[in-house]
Amino acid sequence: MPNQFPEVPRNPFWSGDQEGSRRALAAIERWRTSFAGWLGGSERDDGISEALATPLLELMRALPGETYLQYPYRLERFPELSTADGGDPAEALRRVLLWRAGVVDFLSDVWDTLGATDIGVEECQRISSLLTPVGMERSSNLCPLCLAEQQERHFDACAVQASWRSSPTPSSTA
Ligand SMILES: [Zn+2]
């Protein structure tokens, strides 16, 4: 089994924790390499279909294709951190966590989306749990997208939803 998504600073979207972000980014880069290696290699078991593994590998920059574009979600390739983050690790981590949120949102109901019947609910749940950062898996009250504690009417307060509302066109060509 591959490793789980690394631990990230609490409330990463507004903490601006430079050192914590730098550490998390380094761990996430190692995680991405090992996770893509598992997903694209012979150690992957039959529980994960080709229909799901292919777009995930594209999103992790481990395959060149764009089959993920057929799905109506906010999916984009893993951010190019060295050139796009402007040297600010907190901003780079925000971009990575927005990427993660898009994948988690996709996994939450793509299996129920018309035309995507080759992807099963169980494999989506399995990958999604591997995308839950270490240490956050036991709190059932966390928003799966922004990783903050959910209060009432969380949708209005969700940092990821707010970011998505402010950029209505998904970036798909990065
Ligand atoms: Zn949220």
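What counts and how
Residues numbered from 1 in each chain as written. Predicted model: local features only at pLDDT ≥ 70, side-chain atom pairs only at ≥ 80, totals over all residues. Helix = DSSP H or I, 4+ residues; strand = E, 2+ residues; numbered from the N terminus. Buried ≥ 20, exposed ≤ 12 C-beta atoms within 10 Å, placed from the backbone. Contact = placed C-beta atoms within 7 Å. pLDDT = per-residue confidence, 0-100. Core = buried A, V, L, I, M, F, W, Y, C linked by C-beta atoms within 7 Å. Axes fitted to C-alpha atoms, helices over the stretch in contact; angles between N-to-C directions. Parallel < 35°, antiparallel > 145°, perpendicular 65-115°, else oblique. Left-handed = near helix turned anticlockwise from the far one by under 90°.

### What about the overall build of the protein?
Per the secondary structure count, the protein includes 8 helices and 0 strands. Counting the 174 residues in the protein, one finds 28% classified as buried. In the protein, once contacts between residues fewer than 6 apart in sequence are set aside, the share between residues at least 24 apart is 58%.

### Some thoughts on the confidence of the model for the protein
Predicted confidence across the protein gives a mean pLDDT of 88, with 90% of residues reaching 70 or more. Taken element by element, the protein is modelled with least confidence in helix 4 (residues 81-84), mean pLDDT 66, and with most confidence in helix 3 (residues 50-59), mean pLDDT 97.

### Observations concerning the environment of Glu80
Within the secondary structure, Glu80 sits in the loop between helix 3 and helix 4. Measuring from C-alpha to C-alpha, the distance between Glu80 and Arg95 comes to 9.5 Å, with 15 residues separating the pair along the chain.

### Comments concerning the environment of Gln4
Structurally, the position occupied by Gln4 is in the segment before helix 1 (12-15). Separated by 24 residues in the primary sequence, Gln4 and Ile28 place their C-alpha atoms 9.8 Å from one another. Leave out the neighbours within four places in its chain, and Gln4 touches Leu130, Thr132 and Val134.

### Digging into the nonpolar core
Membership of the largest hydrophobic core comes to 38 residues, with the highest contact counts inside it found for Leu56, Leu59, Leu93, Val96, Ala101, Val103 and Leu107. Residue assignment for this core shows that the elements contributing at least two residues are helix 2 (18-40), helix 3, helix 5 (89-109), helix 6 (121-130) and helix 8 (159-166). Looking at this core element by element, the count peaks at 12 residues for helix 5. Beyond its immediate stretch of four places on either side in the chain, Val96 contacts Leu25, Ile28 and Pro79.

### Regarding unusual backbone geometry
For Leu147, which is not glycine, the phi torsion reads 70° and is therefore positive. In this fold, Leu147 is placed in the loop between helix 6 and helix 7 (154-157). A residue is classified by how many C-beta atoms lie within 10 Å of it, and Leu147, with 23 of them, is buried. The residue Arg153 is not glycine, and still its phi comes out positive at about 55°. Looking at the element boundaries, Arg153 is found in the loop between helix 6 and helix 7.

### Examining the packing of helix 2 against helix 5
The angle between the axes and the distance between the axes are what describe a pair of packed helices. Relative orientation of the contacting elements helix 2 and helix 5 amounts to 45°, with a least axis distance of 8 Å. Considered as vectors, helix 2 and helix 5 are oriented oblique to each other. Where helix 2 crosses over helix 5, the two elements pack in a sense that is left-handed. Between helix 2 and helix 5, the residues in contact are Gln18, Ser21, Arg22, Ala24, Leu25 and Ile28 and Pro89, Ala90, Ala92, Leu93 and Val96, respectively.

### Examining the packing of helix 5 against helix 6
Interhelical geometry of helix 5 versus helix 6 gives an angle of 155° and a closest axis separation of 8 Å. Taken as axis vectors, helix 5 and helix 6 run roughly antiparallel relative to one another. Considering the relative orientation of helix 5 and helix 6, their crossing is left-handed. Listed contacts from helix 6 to Val104, Leu107 and Ser108 of helix 5 are Cys124, Ile127 and Ser128.

### Notes on helix 3
Every buried residue belonging to helix 3 is among Leu52, Ala53, Pro55, Leu56 and Leu59, and all of these are buried. Buried residues along helix 3 sit against helix 2, helix 5 and helix 6. In the segment just after helix 3, Arg61 is the residue with positive phi, at about 65°.

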